Amino acid sequence: MTDYKHYPRLTPRQHRAVAALLSCPTISEAAKTAQVGERTLYRWLIDQTFLAELHRQESELINNIARRLVSLADNALKTIQGLLDDPEASPAVRLRAADNVLSHLLRVRELASLEERVSLLEVENNPTR
């Protein structure tokens, strides 16, 4: 159900369009689903209020996906560990599992470092926080 309190200035048609944009692979399909013209939808896509709601709902979906991925992480790690420890697994499979572990570890470390640096910059630029 759409939460109209965040951006009450959007019309019900615009809220339908936001939902359609989040669920359809193309703008053409989103316009059909939302029952608005494609040109109208393109015009709304440059409207700041419309874009703000679209981005808010995209962020909410991405956060939901991230939470679901975190819940799968333990099983994924057990699977990789099983492949690494399985003497019956081919060397290629074990190498691929090891490579995945190392490459993901590096990405996680890079993201953590980047987050830390951004946080420090935010504190430096806004000392009242």
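Since the structure is predicted, the reported quantities are computational estimates derived from the model, not experimental observations. (Residues numbered from 1 in each chain as written. Predicted model: local features only at pLDDT ≥ 70, side-chain atom pairs only at ≥ 80, totals over all residues. Heavy atoms only, no water.)

(A) Inspection of the overall build of the protein chain at higher detail. When you go through the protein chain residue by residue, the secondary structure sums to five helices and zero strands. Going from N to C terminus, the protein chain has its helices and strands arranged as α-α-α-α-α. Here the C-alpha atoms of the protein chain give a radius of gyration of 22 Å, more than 25% beyond the 14 Å that 2.2 N^0.38 yields for 129 residues. Overall, the protein chain is about 60 × 45 × 25 Å in size when its C-alpha atoms are taken along their principal axes. Here the protein chain, with 129 residues, has 19% of them falling under the buried criterion. Partitioning the intrachain contacts of the protein chain with sequence separation of at least 6 by distance along the chain shows that 43% fall at a separation of at least 24. Here the protein chain has roughly 10100 Å² of accessible surface; of this, 58% comes from carbon and sulfur atoms. Considering the protein chain, the positive charge centre built from 17 side chains and the negative charge centre built from 17 side chains are found 8 Å apart. (Helix = DSSP H or I, 4+ residues; strand = E, 2+ residues; numbered from the N terminus. Rg over C-alpha atoms; globule rule 2.2 N^0.38 Å. Buried < 20%, exposed > 50% of the residue type's maximum accessible area, 1.4 Å probe, protein only. Contact = heavy atoms within 4.5 Å. Areas by Shrake-Rupley, 256 points an atom, 1.4 Å probe, with all protein chains shown as cover. Lys, Arg positive; Asp, Glu negative; His and termini not counted. Charge placed at Lys NZ, Arg CZ, Asp CG, Glu CD.)

(B) Highlighting the environment of V18. Tracing the backbone shows V18 in helix α1 (residues 12–23). Spatially, the C-alpha atoms of V18 and K32 are 12 Å apart, while their sequence positions differ by 14 residues.

(C) Quick peek at the nonpolar core. L21, L41 and F50 are the most contacted members of the largest nonpolar core, which has 16 residues in total. For this core, the element with the most residues is α1, which contributes four residues. Apart from the residues within four sequence positions on either side, F50 is in contact with L10, Q14, A17, V18, L21, L41, W44 and L45. (Core = buried A, V, L, I, M, F, W, Y, C linked by side-chain atoms within 4.5 Å.)

(D) Summary view of a nonpolar patch on the surface. Together, I65, L69 and L72 make up a nonpolar patch on the protein surface, roughly 300 Å² of accessible area in all. Its location among the elements puts L69 in helix α4 (residues 48–85). L69 gets classed as exposed once you look at its relative accessible area, which sits at 53%. (Patch = residues over 30% accessible without salt bridge, like charges linked within 9 Å, V, L, I, M, F, W, Y side chains within 5 Å. Salt bridge = Lys/Arg side-chain N within 4 Å of Asp/Glu carboxyl O.)

(E) Just the packing of α1 against helix α2 (residues 27–34), in detail. Viewed as axis vectors pointing N to C, α1 and α2 meet at an angle of 140°, and their least axial separation amounts to 8 Å. Viewed along their axes, α1 and α2 adopt a mutual orientation that is oblique. Like other packed secondary-structure pairs, α1 and α2 cross with a definite hand, here right-handed. Along its contact with α1, which presents R16, A17, A20 and L21, the element α2 presents I27, A30, T33 and A34. Taken together, the residues of the contact of α1 with α2 sort by class into six nonpolar, one polar and one charged. (Axes fitted to C-alpha atoms, helices over the stretch in contact; angles between N-to-C directions. Parallel < 35°, antiparallel > 145°, perpendicular 65-115°, else oblique. Left-handed = near helix turned anticlockwise from the far one by under 90°. Nonpolar A, V, L, I, M, F, W, Y, C, P; charged D, E, K, R; others polar.)

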